[in-house]
Amino acid sequence: MGLNALRIVVFIMGIVSLAACTPNTVVNPAPFTQFDQQARSYSQQEYVIAPGDILDVKFVNYPELNELAMPVRPDGRISLQMV
């Protein structure tokens, strides 16, 4: 493989790795009322995590990554460190 071909391969690998690092974004998140209606549609014995809930996230093998009192954002996601 020539030097130019190697440069092209390295360039493409760099583009692919940058594309893999782009953040996931919610283009049109569902309004809070939609989550509330979905949660009510389930039976009383099941619970659906919804925006506004507070979660304690614990990792069995990595206690230094434990997160206490993580709020669920309006888009239904949570933010964790180093994950």
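The present account deals with the structure reproduced in this document. (Residues numbered from 1 in each chain as written. Predicted model: local features only at pLDDT ≥ 70, side-chain atom pairs only at ≥ 80, totals over all residues. Heavy atoms only, no water.)

Next up on the list: the overall build of the protein. Helix and strand content of the protein: 2 helices and 2 strands. Sequence-ordered secondary structure for the protein, helices as α and strands as β, is α-α-β-β. Taking all 83 residues of the protein together, the buried fraction comes to 10%. Just so you have it, the protein exposes about 7200 Å², and 61% of that area is on carbon and sulfur atoms. (Helix = DSSP H or I, 4+ residues; strand = E, 2+ residues; numbered from the N terminus. Buried < 20%, exposed > 50% of the residue type's maximum accessible area, 1.4 Å probe, protein only. Areas by Shrake-Rupley, 256 points an atom, 1.4 Å probe, with all protein chains shown as cover.)

Counted by the stated rule, this structure contains 1 salt bridge. We note a salt bridge from R73 to D75, for which the minimum N-O separation is 3.2 Å. Overall, the relative accessible area of 31% leaves R73 in the partly exposed class. (Salt bridge = Lys/Arg side-chain N within 4 Å of Asp/Glu carboxyl O.)

Within the secondary structure layout, D53 lies in the loop between α2 (32–41) and β1 (54–57). A polar contact of 2.8 Å, which involves the side chain of D53, links it to the backbone nitrogen of A50. With near-sequence residues (within four places) excluded, D53 lies in contact with Y47, V48, M70, P71 and V72. (Polar contact = N/O pair within 3.5 Å; in protein donor to acceptor, adjacent residues only side chain to side chain. Contact = heavy atoms within 4.5 Å.)

Quick look at the side chain of E67 now. One can find E67 in strand β2 (residues 67–71). Buried charged residue E67 carries no salt bridge. Nearest counter-charge: R73, at 12 Å. Not counting chain neighbours up to four residues away, the residues in contact with E67 comprise L55, D56, V57, L80 and Q81. (Lys, Arg positive; Asp, Glu negative; His and termini not counted.)

The next thing to look at is unusual backbone geometry. The backbone of A69 shows a phi angle near 60 degrees, a positive value even though the residue is not glycine. Overall, the relative accessible area of 47% leaves A69 in the partly exposed class.

Our next topic: a nonpolar patch on the surface. Together, I8, F11, I12 and I15 line one region of the surface with nonpolar side chains, adding up to about 420 Å² of accessible area. Residue position: I15 is located in helix α1 (residues 3–20). Note on I15: relative accessible area 44%, which makes it partly exposed. (Patch = residues over 30% accessible without salt bridge, like charges linked within 9 Å, V, L, I, M, F, W, Y side chains within 5 Å.)

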